[in-house]
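# An overview of the molecular structure
Residue-level listing of the chains:
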Amino acid sequence: RAAIEVAKEGLDPREVERMEAAREAAAVAEYPARDPPPMDADGFVVSFPPPRVSFSSSSTATTSAREDDAAAREDDAAALAFFRRYGFVVYRDVLTREECAATRAEIWDYLERVQFPPAPGASRALSRHDVTTWDLMDNKDTYGLAPEPSVFTRQCVRNRQNPRVVACLAKVLTREYDDDVVGGDATGDPSPSDAAPLREEALREVIVSQDRWCVYRPTVNVRTRRDDVDKNDTAGGAITSENRRTGDEPADAGGTDDAFCLRDKPEWRTRPNVHLDLHPWNFAAPGDVLPTEDLAFDTLRDFSRETNAVSSATGPHCQGVVALLDNRAEDGGTVLVPGFHAAFARWVDALGDPAWYAAAHEDWRANRLVWRGAGAGSFKFGSNDGVHRLKARVPMREGSFLIWDQMVAHGSAPNASDRPRMAQFVKGFRRSGAGAARLARRAARIRVELARAGTAGEVSALGRRVFGLDAG
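What you see is a predicted model, and the numbers here were worked out from it, not measured in a lab.

### Focus on empty space enclosed by the protein
A full pass over the atoms with the stated rule returns five cavities of 30 Å³ or more. Computed from the structure, the largest cavity encloses a volume of approximately 70 Å³. Of the residues belonging to the lining of the largest cavity, the class tally is three nonpolar, five polar and three charged. Taken as a whole, the second largest cavity encloses approximately 50 Å³ of empty space. Along the walls of the second largest cavity sit Asn139, Lys140, Gly144, Val215, Tyr216, Arg217, Trp268, Arg269, Thr270 and Asn415, which together make up its complete lining. Among the residues forming the lining of the second largest cavity, the class breakdown is three nonpolar, four polar and three charged.

Here's what the structure looks like:
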């Protein structure tokens, strides 16, 4: 960056602006056409049943297997055709309601006891059952993410090794990887193998991430103690005529009484964003120069770097998130730019020298490359970039698993409802895309963390394989 500033010296500032505008315009010109995904009658993105898996007769693994009939084959093929066109797919009923409830309880246990424990002598403590205490959960600047990059609690571990979760990842990761998509031209046409059930071996080819969860607080009509409301503060979402009690309704109507009111909480909203969790230029690195292979896993942050240092040579790569509650459009959550994977290579070529984007991380107005060390990076789209006109929210039902190609620009929208958002992130990659030494170091760290969390006994035979614990 310093070299670029030196190069600018002596140039007319207007000329510098024109040069930068031309560079941005060339990249924007490669964006895909706007292509909103189809929605179902309930306002959720169209989803598909989990893929079928053909298990050996001796296997004890289970999935929500469907009979190998014409409708099932059509569903499996349609899911991958959807993925090829839009760059993402939603599989429904991947986690049961009971599994989602157990995960939510586990998250709340952590929030209440570990991340935001009661302060000594405090009159109030964070409680999942009392939204008036949720101001104590001050995590909007970190997008409601768990503070550690990886979480090894009981249900989160179980979810990562869930056969249905692994099957969804396997279906996407072991599909016929289209060279035309990498080169920038996705047709969405199905492959003959798309309709075939997964073989059990395909599940064992997957390595899952060790990731975390997030919680978005509601921001509209939030039950609030009247004593906590500053009557002189109208900027923060003051009591309105719509939510101020009139005296005609019952004392508990709408969750209010004389001591409480409903108040908007715009200060709880996260910042909207679009980004790529990869280094666009390093993504094209040749197979013999892979930054991920040097990861030591001496810190949990290396599990994040593993995501941010991917290469097309070891692809495909996908990311994913499981909805732990119904997530409607207004609840905030994932946004994606449909079809960006098809334009990715041309867009990178149009970006030019990566040094131009090595700007300060805090400048939200500008497109910028964020260096994360060990060859890892991420690309942040500026708040005024045209990509925001192409993004689409992906509402989905509780227990659904959204998977997207890592070349798809994505991000999040803030919560604008009276309901919270809770989700768990799960990424996957092919075992064949990782070297033996890296997998061994990775496995050693996972064993340490499982032992520390007291959850080593939760790992199933499939979990041992997809966590890579058999690697060393």
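### Details of the environment of Lys391
Turning to its location among the elements, Lys391 is positioned in the loop between strand S12 (376–380) and strand S13 (392–393). Judged by relative accessible area, Lys391 falls into the partly exposed class, the value being 26%. Setting aside its immediate chain neighbours within four residues, Lys391 contacts Pro272, Val274, Val335, Leu336 and Val337.

### Here's the deal with the nonpolar core
Within the largest apolar cluster, 76 residues are counted, with the highest numbers of intra-cluster contacts made by Phe88, Tyr91, Leu111, Leu169, Phe401, Leu402 and Ile403. Considering each element in turn, this core owes the most residues, eight residues, to helix H6 (residues 163–173). Excluding residues that lie within four positions of it along the chain, Phe88 makes contacts with Pro37, Val45, Phe82, Phe83, Leu336, Pro338, Val394, Leu402, Ile403 and Trp404. In terms of nonpolar packing, the next biggest core, distinct from the first, is built from 24 residues, Trp281, Phe340, Trp347 and Phe381 among them.

### Overview of the sheet that holds strand S15 (residues 410–413)
Read from one edge of the open sheet, six strands run S11-S12-S8-S15-S10-S13, paired in antiparallel fashion. This sheet does not close on itself; its edge strands, each paired only once, are strand S11 (368–373) and S13. Pairing analysis gives two bridges linking strand S8 (residues 273–276) to S12, with the strands arranged antiparallel. For Leu276, the partnering residue across the bridge sits in S12 and is Phe379. Packed onto the sheet, helix H9 (residues 301–308) meets S11 and S12 and runs at close to 65° relative to S12.

Conventions used here
Residues numbered from 1 in each chain as written. Predicted model: local features only at pLDDT ≥ 70, side-chain atom pairs only at ≥ 80, totals over all residues. Heavy atoms only, no water. 1 Å grid on protein atoms, 1.4 Å probe; cavity = no way out; pocket = protein on both sides within 12 Å on 5 of 7 lines; lining within 4 Å. Points joined across faces, edges and corners; volume = space filled by probe spheres on them. Nonpolar A, V, L, I, M, F, W, Y, C, P; charged D, E, K, R; others polar. Helix = DSSP H or I, 4+ residues; strand = E, 2+ residues; numbered from the N terminus. Buried < 20%, exposed > 50% of the residue type's maximum accessible area, 1.4 Å probe, protein only. Contact = heavy atoms within 4.5 Å. Core = buried A, V, L, I, M, F, W, Y, C linked by side-chain atoms within 4.5 Å. Pairing = 2+ DSSP bridges. Axes fitted to C-alpha atoms, helices over the stretch in contact; angles between N-to-C directions.

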